[in-house]
Amino acid sequence: MSYKGKFRVWRGEGGEGRLEDFTVEVNEGEVVLDVIHRLQATQAPDLAVRWNCKAGKCGSCSMEINGKPRLGCMTRMSTFTEEETITVTPMRTFPVIKDLVTDVSYNYQKAREIPSFTPPADVKPGEYRMQQIDVERSQEFRKCIECFMCNNVCHVIRDHEENKTHFAGPRFLMRIAELDMHPYDVADRKDSAQEDHGLGYCNITKCCTEVCPEHIKITDNALIPMKERVVDRKYDPLVWLGNKIFRR
Amino acid sequence: MERHEYDVIVIGAGGAGLRAAIEARQQGKRTAIICKSLFGKAHTVMAEGGAAAAMGNVNSDDNWMVHFRDTMRGGKFLNNWRMAELHAKEAPDRVWELEAWGALFDRTKDGKISQRNFGGHEYPRLAHVGDRTGLEMIRTLQQRVVALQQEDFEVHGDYEAYIKVFAECTVTRLLKDGDAISGAFAYWRETGKFITFDAPAVVLATGGIGKSFVVTSNSWEYTGDGHALALLAGASLINMEFIQFHPTGMVWPPSVRGILVTESVRGDGGVLTNSEGRRFMFDYIPDVFKDKYATTEEEGDRWYTDQANNRRPPELLPRDEVARAINAEVKAGRGSPQGGVFLDVSSRLPAAEIIKRLPSMHHQFKELADVDITAEPMQVGPTCHYVMGGVEVDADTGAASVPGLFAAGEVSGGMHGSNRLGGNSLSDLLVFGRRAGAGAAAYVDSLGGNRPQVTGVEEALAEATAPLERQGGENPYEVHHELQRTMNDLVGIIRKENEVAEALEVVEKLKERATNTTAPGGKIYNPGWHLALDLRNMLLVSECVAKAALLRQESRGGHTRDDYPAMRPEWRRRLLVCSAKPDGSEVQVVEKAQISMRGDLITLFDRAELSKYLTEDELAEYDAAAKELS
């Protein structure tokens, strides 16, 4: 049940590169990452690709397959025809280090800019009491495997490098929503979501939701509700009046 | 060459490494975390079922003593009992602490952390989040590291003033000054450039060795780096013959063979059947567990709702028992079409409940095998999952025999004896990660101003660059494949003297070939080069496994000898200790006696139960202890 598959893989480093053609054995049940590994073992030992779990749990092998952001380990070869040439390129939004490996440090910087979980000072470990229904909203967002494909696909930064400084991307805007919805988090995150992390740039095209391998409803369940929370605050007449009177 | 000074360096950023680093930093030590992958991708992320901690949230009869007993039984009493004791006592605090750092575990009706059943655990004990507990744990610890960095930024204006992550960075040698650790030598995967770390304390938290086997649930990182680094630095490894083959890995399609199917499937009611439709586990209850497991399907099924009046179904026997049973069924010709057995939860729970409790299993089978687990059975078989053996450490501090060297998590040995219970790994990481971090911090304090000096950088550099400079040598991928096949076929789940001996001969030849590998291409992100360097570690560890497996003439836990099928009490107290020369030659395995269990711990067991495990002499010790305490 094996055949010779046609692959076109982006190779290069230091800002230069090109698509290289390969013909490589493909066996029944395999995924794109298996074929990349076979290329490494037989034709291109120095072909760079990130991967870890090979089971869709770690989010390391993000790449663009025929132009679509995908996990290499979860893209089955059976979704393509045997004649099709499969083009594999690195994520476009992040600088390429080599071949399919990109510099994703932007994401780690953004993670560090989001204030951490802030529990009330008087609750001790072991005393937390939460109902399942109350933790489920944040739990959905904590399914995130940090493949960064949502950030990769988001047009705010995919086509606008200049927005990277003031836009956290769907992944970390969702992190803010996750903390804001955590039953024990006491930090006020609404203003900074809008002002520091660029929530307003999101115009809910749902590209992030579409590529999420964990099927998290990023836009509907995290970003839109977060926008609503920000708006409620901003246009609440009492809050507005209070801010006018008591600010500084 | 890039050079950094730290108080403590932690190698590995899984659960144990991160918990160790957090502890060292909380104790005021400048700490580096060095990891081969990106931050947050370590193997812990794949843990599914949960973290075992006797919080008693679901069944209030649970407590540390019950957990201790279960752990010792699971390990067939070969465990380092002091580690098992500390683990059972401290696991609840470590889990609660995660909650205060933002973790969101599934809840009970009264709002506490929910706990699920698992093999070998008497009560529902595993704190969990669906079947993605490892992800929750690693993310929580990762976010705790970030929280500490934010605190440091507030005070010092630098996120990395006290704790810095060196991601995609591989350590190839520990550096020493005389007998003591003085640092580590590493390369950046991204650039191929080298780094020297100058640090008096090193915590190894590198995980396991599964990549020496073909069928494994482990990722590429599991090349036994910490095991090998410790050996080469003069530390010893214990219990290396004990390797856990998880009973349920995927068997099809071939490319995902070995990927884990969580034990929660069985904990939540899933049953194992053979091609005749029989729940065969009822035929495999060993004598030592006879009175603890149901003998009829009816009783086993009742247990899920009434644990006080029924015994557990045998699907929830410890992993070694279930793995051997599956192996035997397949060998007897009663396997499934794709060479495993059937694991069915579809006929046991409503579809919605399966998707809620086992979301990633549902996802994994649907996406990778076209199997809908809510409608049809899975096919599963054993997969190399975990090494019980590892660096011999002091239970309380995680200290190895080399001053300045510490180890925690899978890379350390002793805690789990001959077989680890599911769920005891995540709690192990937390308990002993914290202890090793504290141990390292205390060690650094004890040095005062006398920091050991870094030596051996030149040699480490030459070793690391050799595969790049060699021309026309071996393809490292081929050497690796041959090692994997050899270990899988000859030192796998069932072992025989002649086969293990044959494996040793092959490993010897592969060691020779591995010194002659060539990695074409440059230094920048070159996986062929990385593999060529990892081979040294995999081969060294494989040699330890095979040599120890050859010596132990009995079957116990994760070591099954076809030629010595019984468990033998006289072997219970004999631990096998491996050591090697700094160049990796002369791997030696010697016997060492297990220390007698403390009186107050051994008397937690019934004499009748102990008589299945202990020698007459040891039973006399038990009687003396019982008399003293009465």
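What you see is a predicted model, and the numbers here were worked out from it, not measured in a lab.

## A closer look at the overall build of chain B
In step 1: The helix and strand inventory of chain B stands at 19 helices and 21 strands.
In step 2: For chain B, whose C-alpha radius of gyration is 23 Å, the value lies close to the compact-globule estimate of 25 Å for 630 residues.
In step 3: C-alpha extents for chain B along the principal axes are approximately 70 × 55 × 55 Å.
In step 4: Residues counted as buried form 61% of the 630 residues belonging to chain B.
In step 5: Across chain B, every contact between residues at least 6 apart in sequence was considered, and the portion connecting residues at least 24 apart equals 73%.

## Considering the interface of chain B and chain A
In step 1: At the interface, 50 residues of chain B touch 47 residues of chain A.
In step 2: Among the elements of the structure, helix H3 (81–100), helix H4 (133–156), helix H10 (359–369) and helix H15 (527–551) of chain B are those that each provide at least two residues to the side of chain B that touches chain A.
In step 3: Here the side of chain B that touches chain A takes eight residues from H4 of chain B, the largest share from any one element.

## Structural notes on the domain arrangement of chain A
Many authors give the size of an interface as the accessible area that is lost as the parts come together.
Residue and element names in this part refer to chain A.
In step 1: Looking at chain A, the domain boundaries give domain 1 (3–102) and domain 2 (105–246).
In step 2: Relative to domain 2, the C-alpha centre of domain 1 lies at a distance of 31 Å.
In step 3: Facing the twelve residues of domain 1 at the interface are 13 residues of domain 2.

## Topic: the pairing of strand E13 (residues 243–250) of chain B
Regular strands show a simple pattern: their side chains alternate between the two faces of the sheet.
Residue and element names in this part refer to chain B.
In step 1: Within E13, eight of the eight residues are buried, which leaves it mostly tucked inside the rest of the structure.
In step 2: Both E13 and strand E16 (residues 378–387) contribute to a ladder of six bridges, which runs antiparallel. Among the inter-strand pairings, His246 is bridged to a residue of E16, identified as Thr383.

## Here's the deal with the nonpolar core
In step 1: The biggest cluster of nonpolar side chains holds 264 residues, and the ones touching the most others in it are Leu173 of chain A together with Val202, Val203 and Phe406 of chain B.
In step 2: Among the elements that line this core, the one with the most residues is H15 of chain B, at 15 residues.

## Section: the pairing of strand E7 (residues 163–167) of chain B
All names here are of chain B.
In step 1: Of all five residues that make up E7, five are buried, and the element is covered over most of its length.
In step 2: As paired elements, strand E3 (residues 31–35) and E7 share five bridges and run parallel to each other. When the sheet's bridge partners are listed, Thr31 is paired in E7 with Ile163.

## A look at the sheet that holds strand E4 (residues 51–52) of chain B
Residues and elements named next belong to chain B.
In step 1: The strand order E4-E6-E5 describes an open sheet built from three strands, whose pairing is antiparallel. Only two strands of the sheet have a single partner each, and these edge strands are E4 and strand E5 (115–116).
In step 2: Pairing between E5 and strand E6 (residues 126–127): two bridges, direction antiparallel. Opposite Arg116, over in E6, you have Leu126 as the bridge partner.

## Examining helix H9 (residues 218–235) of chain A
Residue and element names in this part refer to chain A.
In step 1: Over its 18 residues, H9 runs 24 Å from end to end, which matches the ideal 26 Å to within 8%, given 1.5 Å per residue.
In step 2: Among the residues making up H9, those that are buried are Ile218, Thr219, Ala222, Leu223, Met226, Lys227 and Val230.
In step 3: Residues of H9 that are buried in the fold lie against helix H3 (132–142), helix H4 (149–153), helix H6 (169–180), helix H7 (190–195) and helix H8 (207–211).

## Quick word on the packing of helix H13 (residues 476–490) of chain B against H15 of chain B
Residues and elements named next belong to chain B.
In step 1: Direction vectors running N to C along H13 and H15 enclose 30°, while the axes themselves pass 9 Å from each other. It follows from the interaxial angle that H13 and H15 lie roughly parallel. In the packing of H13 onto H15, the handedness of the crossing is left-handed. Contact residues: H13 offers Pro476, Tyr477, Val479, His480, Leu483 and Met487, while H15 offers Gly528, Leu531, Ala532, Leu535, Met538, Leu539 and Ser542.
In step 2: When grouped by side-chain class, the residues that make up the contact of H13 with H15 number ten nonpolar, three polar and no charged.

## Side note on the environment of Val58 of chain B
Residues and elements named next belong to chain B.
In step 1: With respect to the helices and strands, the residue Val58 is situated in the loop between E4 and helix H2 (64–74).
In step 2: Assessed through the 18 C-beta atoms surrounding it within 10 Å, Val58 is described here as partly exposed.
In step 3: As a C-alpha pair, Val58 and Lys112 span 54 residues in sequence and 8.9 Å in three-dimensional space.
In step 4: Here Val58 is in contact with Thr108, Ser114, Gln115 and Pro124, once residues within four sequence places are set aside.

Calculation rules
- Residues numbered from 1 in each chain as written.
- Chains lettered and ligands numbered in written order.
- Predicted model: local features only at pLDDT ≥ 70, side-chain atom pairs only at ≥ 80, totals over all residues.
- Helix = DSSP H or I, 4+ residues; strand = E, 2+ residues; numbered from the N terminus.
- Rg over C-alpha atoms; globule rule 2.2 N^0.38 Å.
- Buried ≥ 20, exposed ≤ 12 C-beta atoms within 10 Å, placed from the backbone.
- Contact = placed C-beta atoms within 7 Å.
- Domains from an automatic or database assignment.
- Pairing = 2+ DSSP bridges.
- Core = buried A, V, L, I, M, F, W, Y, C linked by C-beta atoms within 7 Å.
- Expected span 1.5 Å × (residues − 1).
- Axes fitted to C-alpha atoms, helices over the stretch in contact; angles between N-to-C directions.
- Parallel < 35°, antiparallel > 145°, perpendicular 65-115°, else oblique.
- Left-handed = near helix turned anticlockwise from the far one by under 90°.
- Nonpolar A, V, L, I, M, F, W, Y, C, P; charged D, E, K, R; others polar.

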